[in-house]
Amino acid sequence: MGDHFEIAVPSRASHLGVVRAFFRALCEECPGFRLEEREVTEIQLVLQEACINVIRHAHAERPDLPMRIRITIDRGTIVLEVHDRGRGFDPDAVPEPEAAALQEGGYGVFIMKSTMDSVEAVHTGDGFVLRMTKLRVPARREVTSG
Amino acid sequence: MKQRTEADREVAVLHPEGRLAGEGAAALRKEAREVLGSGRHVVLDLAGVKFTDSEGLSALVSLYRTAMENSKAVALCSLPRNLRSLLELTRLHRVFDIYENEALAVSAIRAGSAG
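Residues numbered from 1 in each chain as written. Chains lettered and ligands numbered in written order. Predicted model: local features only at pLDDT ≥ 70, side-chain atom pairs only at ≥ 80, totals over all residues. Heavy atoms only, no water.

Chemist: I tried to follow the overall build of chain B on my own but got confused; where do I start?
Modeler: When helices and strands are tallied, chain B shows four helices and six strands. Overall, chain B shows an N-to-C arrangement of helices and strands of β-β-α-β-β-α-β-α-β-α. In summary, chain B has a C-alpha radius of gyration of 12 Å against a globular reference of 13 Å for 115 residues, a match within 12%. Principal-axis analysis of the C-alpha atoms gives chain B an extent of 30 × 25 × 25 Å. Within chain B, residue pairs in contact and separated by at least 24 positions form 68% of the contacts whose partners lie at least 6 positions apart. When the accessible area of chain B is evaluated, it comes to approximately 5,400 Å², of which 44% is carbon and sulfur surface. (Helix = DSSP H or I, 4+ residues; strand = E, 2+ residues; numbered from the N terminus. Rg over C-alpha atoms; globule rule 2.2 N^0.38 Å. Contact = heavy atoms within 4.5 Å. Areas by Shrake-Rupley, 256 points an atom, 1.4 Å probe, with all protein chains shown as cover.)

Chemist: I'm lost on helix α2 (residues 54-69) of chain B in this one. Help?
Modeler: Three- or four-residue spacings in an α-helix give side chains the same orientation, since the helix completes a turn every 3.6 residues. Residues and elements named next belong to chain B. In a regular helix each residue adds 1.5 Å, so 16 residues correspond to 22 Å; α2 covers 22 Å between its end C-alpha atoms and thus fits that length. α2 sits mainly inside the fold: twelve of its 16 residues count as buried. Of the residues making up α2, those classed as buried are S54, G56, L57, S58, A59, L60, V61, S62, L63, Y64, T66 and A67. Here α2 starts with a cap whose side-chain oxygen sits 2.9 Å from the backbone nitrogen of E55, and that cap is D53. Positive backbone phi, approximately 55°, marks S71, located one or two places after α2. (Expected span 1.5 Å × (residues − 1). Buried < 20%, exposed > 50% of the residue type's maximum accessible area, 1.4 Å probe, protein only. Polar contact = N/O pair within 3.5 Å; in protein donor to acceptor, adjacent residues only side chain to side chain.)

Chemist: I'm lost on the interface of chain B and chain A in this one. Help?
Modeler: The extent of an interface is frequently quoted as the accessible surface area lost upon association of the parts. Listed by partner, the interface residues are 22 residues for chain B and 21 residues for chain A. On the chain B side of the interface with chain A, the three residues burying the most area are F51, S54 and L89 of chain B, jointly 29% of the side's total. Viewed at the interface, chain A and chain B are joined by four salt bridges. Its salt-bridge partner being R65 of chain B, residue E104 of chain A comes within 3.6 Å of it at the nearest N-O pair. In this assembly, chain B and chain A are joined by six residue pairs in polar contact (both at pLDDT 80 or more). Of all the elements in the fold, those that place two or more residues in the side of chain B that touches chain A are β4 (49-52), α2 and α3 (81-89) of chain B. Broken down by element, the residue count for the side of chain B that touches chain A peaks at nine residues, all from α2 of chain B. (Buried area = accessible area lost by both parts, 1.4 Å probe. Salt bridge = Lys/Arg side-chain N within 4 Å of Asp/Glu carboxyl O.)

Chemist: Mind showing me how you'd approach the environment of A121 of chain A here?
Modeler: All names here are of chain A. For A121, the location among the structural elements is in strand β4 (residues 118-124). A C-alpha to C-alpha distance of 7.0 Å links A121 and P91, two positions 30 residues apart in sequence. Once residues lying within four places of it in the same chain are set aside, the contact partners of A121 are F89, P91, F128 and V129.

Chemist: What's the story with the confidence of the model for chain B in this structure? I'm lost.
Modeler: Caution is warranted with low-pLDDT regions, since their predicted coordinates should not be read in detail. Averaged over all residues, the pLDDT of chain B equals 92, while 96% of them reach at least 70. The spread of mean pLDDT over the elements of chain B runs between strand β1 (residues 2-7) of chain B, the lowest at 68, and strand β6 (residues 97-99) of chain B, the highest at 98. (pLDDT = per-residue confidence, 0-100.)

Chemist: How should the packing of aromatic side chains be read in this particular structure?
Modeler: To describe a pair of aromatic rings, one takes the distance between the centres and the angle between the planes. All names here are of chain B. Considering all chains together, one arrives at two aromatic pairs over all chains under this definition. Where Y64 meets F96, the ring centres are 5.4 Å apart and the plane angle is 80°; that geometry is what we call edge-to-face. Of this pair, Y64 sits in helix α2 while F96 sits in the loop between α3 and β6, and the two are 32 residues apart along the sequence. (Phe/Tyr/Trp six-rings, centres within 6.5 Å; stacked < 30°, edge-to-face > 60°.)

Chemist: Got a minute to help me understand the environment of V19 of chain A in this structure?
Modeler: Residues and elements named next belong to chain A. Looking at the secondary structure, you find V19 in helix α1 (residues 16-29). Since its relative accessible area comes to 2%, V19 is described here as buried. The sequence separation of V19 and S118 amounts to 99 residues, and the corresponding C-alpha distance is 21 Å. Excluding residues that lie within four positions of it along the chain, V19 makes contacts with I7, V9, L47, C51 and I69.

Chemist: In this structure, what is going on with α3 of chain B? I would like to understand it.
Modeler: Residues of α3 of chain B that are buried include every one of L83, L86 and L87 of chain B, and no others. Axial view of α3 of chain B: buried residues confined to an arc of 100°, hence all on one face. On the buried face of α3 of chain B, the contacting elements are α2 (37-58) and α3 (107-115) of chain A together with β4, α2, β5 (74-77) and β6 of chain B. (Arc of directions from axis to C-beta.)

Chemist: What is the right way to look at the state of the cysteines in this model?
Modeler: Disulfides are covalent bonds that link the sulfur atoms of two cysteine residues. All names here are of chain A. Per the counting criterion, the structure on display carries zero disulfides over all chains. Not part of a disulfide, C27 finds its nearest cysteine sulfur in C30, a span of 8.4 Å. Looking at C51, it has no disulfide partner, and the nearest cysteine sulfur is the one in C27, 15 Å off. (Disulfide = S-S within 2.5 Å.)

In structure tokens:
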């Protein structure tokens, strides 16, 4: 079992920076969270897209409702869970955007699914959780000769 | 997001800075629409963009569509690595004409080989 970290923020776009900063702070302050800068930016983007979905859809009419972001990390995985009070959606049912057709929307879920190793929909008693898991590349062992 | 625009009679160079997301994406849409409405081609120098999300991508596609509707060209240049990766991930890199720097992008537009 890894360590859990959790925040709850109102469902407003003006608070997305808090979510990004939360994840960056974990990476900078917690020894077990050391990631490459590229990975930090990728996961910040995934969190941002998941929260934008909550703001636009699940809590569109009730921005005062909190969205809860729970992050669990251990040696092998990073798990991001975004909780809301909406009815949820099936990420597998969201079609890939067609860039060649100059499609303007639909990139958010695609970014989440492409960046993470799994994206699961979990319906709970009081809402919905989007659970996203990324497998971590094991730290390279030092090879010594002789 | 800050934004600086340099324009001559033919080409406007936009320099968005900061986050191409939320209000930043909306500001880019507005600025680009005004520039294209004035009859200029657009070069988007993205060197100062630190973070881009799906709303930022949507703004870029919207800019491209508006340019096509106005028979104008759009070229991107000086892409930060994370934005280049995002365009490749979403295959939008096949849509845009992308150049290493502003001078190359402006030259391509003037030569009629961009957008």
